Amino acid sequence: MAEETSSGGGNGGLAFIVGGLVVIVAVLAFFMWSGGLTHKKQVDVNISASAPKLPDAPPAAPKAPGG
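Residues numbered from 1 in each chain as written. Predicted model: local features only at pLDDT ≥ 70, side-chain atom pairs only at ≥ 80, totals over all residues. Heavy atoms only, no water.

## A closer look at the overall build of the protein
Here comes step 1: Helix and strand counts for the protein come out as one helix and zero strands.
Here comes step 2: Counting only carbon and sulfur atoms, one obtains 65% of the accessible surface of the protein, whose full area is about 7,100 Å². (Helix = DSSP H or I, 4+ residues; strand = E, 2+ residues; numbered from the N terminus. Areas by Shrake-Rupley, 256 points an atom, 1.4 Å probe, with all protein chains shown as cover.)

Rendered as structure tokens:
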């Protein structure tokens with residue numbers, strides 16, 4: 001009879017471990033780059049600017065002589 005050799009007996013467990021690590025890295029990357037599951041960004045912009053005080057109007061110019 002022919003001999004049967006089985007190769008890859010321990011590869012199933014190794015593939016399971018590597019697959020689990022890939023999933024963990026993907027979940028961590030999601031939380032790091034997307035900010036997690038909640039996106040509660042509150043932006044409060046309060047801009048207050050007052051108009052500068054204008055100087056008083058100059059007094060009326062004197063009338064020219066003869067006119």
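Moving on from the coordinates now.
## Comments concerning the packing of aromatic side chains
Here comes step 1: Evaluation of the coordinates by the stated rule reveals one aromatic pair.
Here comes step 2: A centroid spacing of 5.5 Å and a plane angle of 75° characterise the contact between F30 and F31, whose relative ring orientation is edge-to-face.
Here comes step 3: Judged by its relative accessible area of 42%, F30 is partly exposed. (Phe/Tyr/Trp six-rings, centres within 6.5 Å; stacked < 30°, edge-to-face > 60°. Buried < 20%, exposed > 50% of the residue type's maximum accessible area, 1.4 Å probe, protein only.)

## Remarks on a nonpolar patch on the surface
Here comes step 1: Taken together, F16, I17, L21, I24, L28, M32 and W33 make up a surface patch of nonpolar side chains, about 910 Å² in accessible area.
Here comes step 2: According to the relative accessible area criterion, W33 is exposed, its value standing at 72%. (Patch = residues over 30% accessible without salt bridge, like charges linked within 9 Å, V, L, I, M, F, W, Y side chains within 5 Å. Salt bridge = Lys/Arg side-chain N within 4 Å of Asp/Glu carboxyl O.)

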